[in-house]
Amino acid sequence: MKYITDSYEETEKVAAEFARGLKGGEVIAMYGDLGAGKTAFVRGMARALGIQDHITSPTFTILNVYEGGRLPLYHFDVYRIADPDEMYEIGYEDYIGSDGVAVIEWAELIDDILPDEYIRIDIRRDSLDDDDHREISIGRVRRG
């Protein structure tokens, strides 16, 4: 599915609609440049799940865990991961496929350890046209 948004608020609304269909156990791999809107998308998902915490990108901590909503949300930002094996040191396997939803920003950096099935979200910004213009693609990936 493809969506076009023209503000962070619209991006969050698309994310909220998407999150309403989540049941738990999903792994969501996010792709997009710096400033593309990945964290805004996660924020919209969190609100739809009933999570009231302040949602920030876990760039330095790698993982933020949000509970208190309909489903737990495990928010990974692997931008600073030098080797995918580092993910196991933070307990990656405890969150992937668990009862919550695992969202991974910069998923291309750990492609080798993504599960065989996941949801891929690509967010692209068209800064030549409009700095707020986003193209969001959502699809399922099945490998193997």
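What counts, and where the lines are drawn
Residues numbered from 1 in each chain as written. Predicted model: local features only at pLDDT ≥ 70, side-chain atom pairs only at ≥ 80, totals over all residues. Heavy atoms only, no water. Core = buried A, V, L, I, M, F, W, Y, C linked by side-chain atoms within 4.5 Å. Buried < 20%, exposed > 50% of the residue type's maximum accessible area, 1.4 Å probe, protein only. Helix = DSSP H or I, 4+ residues; strand = E, 2+ residues; numbered from the N terminus. Contact = heavy atoms within 4.5 Å. Patch = residues over 30% accessible without salt bridge, like charges linked within 9 Å, V, L, I, M, F, W, Y side chains within 5 Å. Areas by Shrake-Rupley, 256 points an atom, 1.4 Å probe, with all protein chains shown as cover. Salt bridge = Lys/Arg side-chain N within 4 Å of Asp/Glu carboxyl O. Axes fitted to C-alpha atoms, helices over the stretch in contact; angles between N-to-C directions. Parallel < 35°, antiparallel > 145°, perpendicular 65-115°, else oblique. Left-handed = near helix turned anticlockwise from the far one by under 90°. Nonpolar A, V, L, I, M, F, W, Y, C, P; charged D, E, K, R; others polar.

*Asks:* Before we go on, may I ask you to explain the nonpolar core in this structure?
*Replies:* If you look at soluble globular proteins, the nonpolar side chains tend to sit buried side by side. Of all hydrophobic cores here, the largest spans 25 residues; its most connected members are Phe18, Ile28, Phe41, Met45, Leu73 and Ile121. Among the secondary structure elements, those contributing two or more residues to this core are α1 (8-19), β2 (27-31), α2 (38-48), β5 (101-105), β6 (117-125) and β7 (134-142). When neighbours within four sequence positions are excluded, isoleucine 28 is seen to be in contact with Phe18, Leu22, Met45, Val101, Ala102, Val103, Ile104, Ile119 and Ile121. Val27, Ile104, Trp106 and Ile110 belong to the second largest nonpolar core, which has 20 residues in total.

*Asks:* Would you mind showing me how to read a nonpolar patch on the surface here?
*Replies:* Together, Leu34, Tyr79 and Leu109 give the surface a local cluster of nonpolar side chains, amounting to about 290 Å² of exposed area. Take leucine 34: it is sitting in the loop between β2 and α2. With relative accessibility at 58%, the residue leucine 34 sits in the exposed group.

*Asks:* Explanation requested: the environment of alanine 46 in the structure shown.
*Replies:* Structurally, the position occupied by alanine 46 is in helix α2. Taking the C-alpha atoms as reference points, alanine 46 and tyrosine 8, 38 residues apart in sequence, are found 14 Å from one another. If we skip the residues at most four places from it in the chain, alanine 46 touches Ile51, Ile55 and Leu73.

*Asks:* How do you make sense of the packing of α1 against α2 when you look at a structure like this?
*Replies:* Axes are the key here: two packed helices are described by the angle between their axes and the distance separating the axes. Contact pair α1 / α2: the axes reach a minimum separation of 7 Å and the direction vectors enclose 50°. One finds that α1 runs oblique with respect to α2. Pair α1 / α2 crosses with right-handed handedness. Contact with α1, carried on its side by Tyr8, Thr11, Glu12, Val14, Ala15, Ala16, Phe18 and Ala19, involves Ala40, Phe41, Arg43, Gly44, Met45 and Ala48 of α2 and no other residues of that element. A breakdown of the residues in the contact of α1 with α2 according to their chemical character gives 10 nonpolar, 2 polar and 2 charged.

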